[in-house]
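Here is what each chain is made of, one letter per residue.
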Amino acid sequence: METSIIVTGFVALYLFMLAAFAGWVIIGGVPAILHTPLMSGSNFVHGIVVVGGMFALLNAGNGIERTFGFVAVLLGAGNAAGGFAVTHRMLAMFQTSAHPPKRAGAKSKAHRAQPAKAAAKSG
Amino acid sequence: MLPVLPSLAIGLADLAAAFLFLYGLKRMSSPVTAPSGISVAGLGMLVAVLASFLYVFGVNPAAHAHLPLNLSLAAIALTVGGGGAWWSGRRVAMTAMPQMVALYNGLGGGAAGAIGAVELYGRETKGGTQLLVTLLGALIGAVSLSGSLIAWAKLQGVLPKPLRFKGQHILNAAVVLVTLAGGAYLVLGPHAHFAPLLAEPALITWFFGAALICGILLTLPIGGADMPVVISIYNACTGLAVGLEGFVLQNPALMIAGMVVGAAGLLLTMLMAKAMNRSVGHVLFTNFGATPKGKHGAIKGTLRPTAAGDAGIFMRYAASVIIVPGYGLAVAQGQGKLYDFVKLLQAAGVGVKFAVHPVAGRMPGQMDVLLAEAGVPYDLIFQLEDINDEFKTTDVALVIGANDVVNPSARTDKSSPIFGMPILNADQAKHVYVVKRGEGKGYAGIVNPLFYAPNCNMVYGDAQAVMVEMIEAVRGLGTAAAAA
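Before going into details, it helps to say that this report is about the structure given with it. Just so we're clear, the structure is a prediction, and the values are computed from it rather than from any experiment. (Residues numbered from 1 in each chain as written. Chains lettered and ligands numbered in written order. Predicted model: local features only at pLDDT ≥ 70, side-chain atom pairs only at ≥ 80, totals over all residues. Heavy atoms only, no water.)

### As for the packing of aromatic side chains
Phase 1 of the analysis: For the structure on display, the rule yields eight aromatic pairs over all chains.
Phase 2 of the analysis: Here the aromatic rings of phenylalanine 44 of chain A and phenylalanine 21 of chain B are separated by 6.5 Å at their centres, their planes lie at 90 degrees, and the arrangement is edge-to-face. Here phenylalanine 44 of chain A, found in helix 2 (residues 35-45), pairs with phenylalanine 21 of chain B, found in helix 1 (residues 4-28), and the two come from separate chains.
Phase 3 of the analysis: Overall, the relative accessible area of 2% leaves phenylalanine 44 of chain A in the buried class.
Phase 4 of the analysis: Phenylalanine 21 of chain B sits in the buried class, given a relative accessible area of 3%.
Phase 5 of the analysis: Aromatic rings pair up to connect Phe44 and Phe84 of chain A together with Phe21 and Trp86 of chain B into one cluster.
Phase 6 of the analysis: Just above the ring of tyrosine 317 of chain B sits the side chain of arginine 316 of chain B; from NZ or CZ to the centre is 4.5 Å.
Phase 7 of the analysis: In this structure, lysine 353 of chain B is placed above the aromatic ring of phenylalanine 382 of chain B, and the distance from its NZ or CZ to the ring centre is 5.0 Å. (Phe/Tyr/Trp six-rings, centres within 6.5 Å; stacked < 30°, edge-to-face > 60°. Helix = DSSP H or I, 4+ residues; strand = E, 2+ residues; numbered from the N terminus. Buried < 20%, exposed > 50% of the residue type's maximum accessible area, 1.4 Å probe, protein only. Lys NZ or Arg CZ within 6 Å of the ring centre and 35° of its normal.)

Rendered as structure tokens:
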């Protein structure tokens, strides 16, 4: 079974084009109220770079590669974990007056969500 | 080469991650579904990172002997990097959010740059396209790293705000050109058989150094009000760099996630720049507020200070109040008290709305987050275009810790640096109360004629203390008055 992935030349360009278009359309309708969480959320998404860092570090054959691979994983993990933490905190605060019980406890709500986030941390 | 099974697992995990990112971002673009959106995207990240450990089944021969070392280094890096950022992200104050986002973004850029470095230093010759893309990704990533760090330092107050000197544009252009020339030499050198100026590793080091300096130099002259746009640009840049390095590593999940963020970041940047009536080019290459005009001395009228309690009671008997919150409110941590005051007014039958300028706070939308933190439901919060016509028919506009976003010179004074910026028409309300720490200027350092207008009263003091006084004054009216 063929499982290796080869993306070159025009295929790569098509992929980039479609992804860029998707990003543009997805963000297009966003209300200004969500600009900060969304910037932070998209900031979290490019934390996926940590996976590239893992590939580079695990395949490192000499000191230079290992050093930079280590830096890539370190920084990428920081990007992903930090981005998730702040975005999740911000978004947990948004409520409407249609749900008054939730409104009273903005802070306690964030605490209740903690176990789920602790699980995500282990990655 | 990876064996079939791990390769299949990684492929599926990355595919799932790419889908979850897109779906999560889609959910994040509405306040109702947003909290679940970030969880969906987070799940995608978790799946992808766990799957990345499967790379151990197919490491290249040179790395085989070092696998235990590499694996433990990976575990350390994930724990330290992830744990540290998680710890800081959980603790950072909401007011410090912009610099935190800038910092995390810089980390991502640095990671992309480091991957580029691994490819460049350790590479056996690859095709020209591969090399070009690696260099481009490394360049953008490095610029994003150093630029974001400067943005962080500025917002954190570590660096003096804008740093400008003569010939700055020329120096910047020169450094950019040198960097690009270095990159071009790395790509073309082997083909054209140029005499090597430097050994290749040294050249690569110089290339990275120049790229980092580029980021620093480009960000240093940009000041104050433009910083959110800069962070957004670097966010898009990091996305692009990640996408490009994803191509080099032949990892479609990185390519898609990176490019989605690149495009989304670009759109966000343009939306923000539009809200500030600034073009992105302007933000990057001209000096905001660099030329203060003498005209501002000629403001008519005087400042009319008033007591907080009186202002509070006045609002209690008004029919409608629009509150314009600004960053000063957040600095004083007055949002909670403000909402307590709003609840008192609402209980007394006063119609209260919040008007939030797109760039209120240090980052577009930050004010909305800060109000949400205080428990203000978002259906009380209105954006500029939805509420601006209502000021005319409103009894009181209460401006708290905001300045430039209600400055009428943006409409009238062509010499003003903020001329043309859309503002909230607080000056058109029948009465205006401005809560302000002192008589100083705003973040952008521009005089505000609204404060001198005949329908405006100033309430001086720390926003939180002022809110407490207002609450006490209204409560002091007693239940008899409240029933009236």
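### Regarding unusual backbone geometry
Trans peptide bonds make up the majority, and among non-glycine residues the majority have a negative phi.
All names here are of chain B.
Phase 1 of the analysis: Non-glycine residue glutamine 250 carries a positive phi angle of around 55 degrees.
Phase 2 of the analysis: Tracing the backbone through its elements, the reader meets glutamine 250 in the loop between helix 9 (227-248) and helix 10 (252-275).
Phase 3 of the analysis: Phi angles above zero are rare outside glycine, and glutamine 333 is one such case at about 55 degrees.
Phase 4 of the analysis: With respect to the helices and strands, glutamine 333 occurs in the loop between helix 13 (327-331) and helix 14 (335-347).
Phase 5 of the analysis: By relative accessible area, glutamine 333 is classed as partly exposed at 44%.

### Re the interface of chain B and chain A
Phase 1 of the analysis: With 111 residues of chain B at the contact, the number on the chain A side is 92 residues.
Phase 2 of the analysis: Carbon and sulfur atoms supply 78% of the area buried between chain B and chain A, which totals about 9,300 Å² over both sides.
Phase 3 of the analysis: The three residues of chain B that bury the most area against chain A are Ile38, Trp86 and Arg90 of chain B, which together make up 8% of that side's buried surface.
Phase 4 of the analysis: In this structure, the connection of chain B to chain A is made through 15 residue pairs in polar contact (both at pLDDT 80 or more).
Phase 5 of the analysis: Those elements that place two or more of their residues in the side of chain B that touches chain A are helix 1, helix 2 (34-52), helix 3 (61-64), helix 4 (67-91), helix 5 (97-122), helix 9, helix 10 and helix 15 (366-373) of chain B.
Phase 6 of the analysis: It is helix 4 of chain B that contributes the most residues to the side of chain B that touches chain A, 18 residues altogether.
Phase 7 of the analysis: A class-by-class count of the residues in the side of chain B that touches chain A yields 76 nonpolar, 29 polar and six charged. (Contact = heavy atoms within 4.5 Å. Buried area = accessible area lost by both parts, 1.4 Å probe. Polar contact = N/O pair within 3.5 Å; in protein donor to acceptor, adjacent residues only side chain to side chain. Nonpolar A, V, L, I, M, F, W, Y, C, P; charged D, E, K, R; others polar.)

### Notes on the nonpolar core
Phase 1 of the analysis: In terms of nonpolar packing, the biggest core is built from 186 residues, with Met315, Val324, Phe391, Leu398 and Met470 of chain B touching the most fellow members.
Phase 2 of the analysis: Setting aside anything within four residues of it in sequence, one finds phenylalanine 391 of chain B in contact with Ile322, Val324, Ala355, Ala397, Leu424, Asn425, Ala426, Gln428 and Ala429 of chain B. (Core = buried A, V, L, I, M, F, W, Y, C linked by side-chain atoms within 4.5 Å.)

### Some details on the sheet that holds strand 5 (residues 431-436) of chain B
Residues and elements named next belong to chain B.
Phase 1 of the analysis: In spatial order, the strands read 3-2-1-4-5-6; together these six strands make up an open sheet with parallel pairing. Looking at the sheet topology across the chains shown, the edges are occupied by strand 3 (381-383) and strand 6 (456-460). Neighbour-to-neighbour, the strand axes of this sheet turn through a mean angle of 25 degrees, independent of strand direction.
Phase 2 of the analysis: Judged from the five bridges that link them, strand 5 and strand 6 form a sheet pairing that is parallel. (Pairing = 2+ DSSP bridges. Axes fitted to C-alpha atoms, helices over the stretch in contact; angles between N-to-C directions.)

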